[in-house]
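Report on the structure
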Amino acid sequence: MAEAYPEYEERPRRRGRKVLVTLVVLLLILAGLLVVADRVAAGVAERAIADQVSQEVAKQDAQSAPPKVDVGGFPFLTQVLGGRYERISIVLTEVQGPVQGETVSLPRLDVDARNVRASLDTLRSGQGDVVAESVNGTGTVSYDSLAKLLDRPGLKLGEQNGKLAVTAPVDILGQKLTVAGTADVTVSDNGKVALRFNDLNAEGLPAVPLAKTLLSNYAKGISIDVPLPELPFQLNVRKVEPKPEGLMVTADAKDVPINSAG
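My aim in this report is to walk through the structure given alongside it, one point at a time. (Residues numbered from 1 in each chain as written. Predicted model: local features only at pLDDT ≥ 70, side-chain atom pairs only at ≥ 80, totals over all residues. Heavy atoms only, no water.)

**Quick look at the overall build of the protein chain**
The secondary structure content of the protein chain amounts to five helices and eleven strands. For the protein chain, the proportion of its 262 residues judged to be buried stands at 41%. (Helix = DSSP H or I, 4+ residues; strand = E, 2+ residues; numbered from the N terminus. Buried < 20%, exposed > 50% of the residue type's maximum accessible area, 1.4 Å probe, protein only.)

This is the structure we're talking about:
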């Protein structure tokens, strides 16, 4: 009989370990289901916001590919209950907007909205405001679109050593020459892109004062303030910077209703 005691002592221990393992497995399954439910809910919200962004882009007579929306922060469901979201990222591609009868293209516009307020009823019904405490945006204006606004035949723009570069055919005193040079690019007080071509030259330019005057007049003629298409989410342009792929635009805004922008 004495030999039976260890067997009885071992069985409760085994049962205890089995219960513990089962509990851990159940907890892992439950956690996994919660994560899946959280991501599914986030996906529903992202699609709803994307639909509203598309509507607002259309209201500005602009076009774009379907927006891509990502609701940041985890868990998402606690943000829903609190009505405040850490970050909502929106990517717009193939953006086209009208400016002075021309179509200006922005191949990509990245928008980052922080501290977004939206009630559960707003998300559920689609009615009401989704307001971001701050919105930052970066986009790239194609050089072809920018060149069209200067309205000079054959003019081409690009980037050279971090500056805006220009080449264009000109006729000076009966000679067909190619003008080349760079420009200073800034943001004017009215939010337009200020182009100032102060460093132009043309190989073969006649060495007479009149030729230099005509070249200077050409530089002045393309040194203008160029308007950009109205950006969504009330974004105001703060900085422009020439890049190989286009003119990079940095913009921001405060307290913006991102589902009724414009």
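**Digging into the side chain of aspartate 112**
Here aspartate 112 lies in strand E3 (residues 102–117). Within the local environment of aspartate 112, its side chain forms a polar contact with the side chain of serine 89, the two groups lying 3.3 Å apart. A distance of 2.8 Å separates the side chain of aspartate 112 from the side chain of arginine 114, its partner in a polar contact. Other than its neighbours up to four places away in sequence, aspartate 112 contacts Arg87, Ile88, Ser89, Ser134, Val135 and Asn136. (Polar contact = N/O pair within 3.5 Å; in protein donor to acceptor, adjacent residues only side chain to side chain. Contact = heavy atoms within 4.5 Å.)

**So, the sheet that holds strand E6 (residues 163–172)**
Spatially, five strands are ordered E5-E6-E7-E8-E9 in an open sheet, and the strand pairing comes out antiparallel. What marks the edges here is a single partner per strand, and that holds for strand E5 (156–160) and strand E9 (225–226). In the sheet, E6 pairs with strand E7 (residues 175–187) via nine bridges, with the strands oriented antiparallel. When the sheet's bridge partners are listed, alanine 168 is paired in E7 with valine 179. Its contacts with the sheet put helix H4 (residues 143–150) on E5, E6, strand E8 (193–202) and E9, and the angle it makes with E5 is roughly 130 degrees. (Pairing = 2+ DSSP bridges. Axes fitted to C-alpha atoms, helices over the stretch in contact; angles between N-to-C directions.)

**Description of the nonpolar core**
Of all hydrophobic cores here, the largest spans 62 residues; its most connected members are Leu155, Leu157, Phe197 and Leu200. Sequence-distant contacts of leucine 155, defined by excluding residues within four places in its chain, comprise Ala147, Leu150, Val166, Thr167, Ala168, Pro169, Tyr218 and Ile222. (Core = buried A, V, L, I, M, F, W, Y, C linked by side-chain atoms within 4.5 Å.)

**Thoughts on the pairing of E5**
Taken together, the five bridges between E5 and E6 define a ladder with antiparallel strand orientation. Looking at E6, one finds that lysine 156 is bridged to threonine 167. In this structure, the hairpin formed by E5 and E6 is closed by a connection of two residues, where asparagine 161 is found at a positive phi of approximately 55 degrees.

**A short note on the environment of proline 206**
With respect to the secondary-structure elements, proline 206 resides in the loop between E8 and helix H5 (209–221). The class of proline 206 is buried, set by a relative accessible area of 16%. Discounting residues that sit within four places of it in the chain, proline 206 has contacts with Leu173, Gln175, Leu177 and Ala211.

**Some thoughts on a nonpolar patch on the surface**
Taken together, Leu173, Val208, Leu210 and Leu214 make up a surface patch of nonpolar side chains, about 300 Å² in accessible area. Within the element layout of this structure, leucine 173 appears in the loop between E6 and E7. (Patch = residues over 30% accessible without salt bridge, like charges linked within 9 Å, V, L, I, M, F, W, Y side chains within 5 Å. Areas by Shrake-Rupley, 256 points an atom, 1.4 Å probe, with all protein chains shown as cover. Salt bridge = Lys/Arg side-chain N within 4 Å of Asp/Glu carboxyl O.)

**Concerning the sheet that holds E3**
Here six strands make up an open sheet; going across it, the order is E1-E2-E3-E4-E11-E10 and the pairing antiparallel. The sheet terminates laterally at strand E1 (68–71) and strand E10 (236–243), the two strands that pair on one side only. Averaged over all pairs of adjacent strands, the angle between their axes in this sheet comes to 15 degrees, without regard to strand direction. As defined by bridge partners, strand E4 (residues 131–141) adjoins strand E11 (residues 246–257) across ten bridges and the pair is classed as antiparallel. Residue pairing for E11: threonine 138 is matched across the bridge by threonine 250. Those strands touched by H4 are strand E2 (84–99), E3, E4, E10 and E11, and its axis lies near 120 degrees from that of E3.

**Quick notes on the environment of threonine 182**
For threonine 182, the location among the structural elements is in strand E7. Given a relative accessible area of 12%, threonine 182 falls into the buried group. Once residues lying within four places of it in the same chain are set aside, the contact partners of threonine 182 are Lys163, Leu164, Ala165, Arg196, Phe197, Asn198, Asp199 and Leu200.

**Some points on the side chain of serine 142**
By secondary structure assignment, the location of serine 142 is in the loop between E4 and H4. On the basis of relative accessibility, which here comes to 16%, the residue serine 142 falls in the buried class. Within the structure, serine 142 has its side chain in polar contact with the side chain of serine 145 (distance 2.8 Å). Discounting chain neighbours no more than four positions away, the residues touching serine 142 are Ser105 and Pro107.

**Side note on empty space enclosed by the protein**
Counting across every chain of the model gives three cavities of 30 Å³ or more. Forming the boundary of the largest cavity are twelve residues, of which Ala62, Val95, Glu230, Leu231 and Pro232 lie nearest the centre. Within the residue set of the lining of the largest cavity, elements represented by two or more residues are E2 and E3. By residue number, the principal contributor to the lining of the largest cavity is E2, which donates three residues. (1 Å grid on protein atoms, 1.4 Å probe; cavity = no way out; pocket = protein on both sides within 12 Å on 5 of 7 lines; lining within 4 Å. Points joined across faces, edges and corners; volume = space filled by probe spheres on them.)

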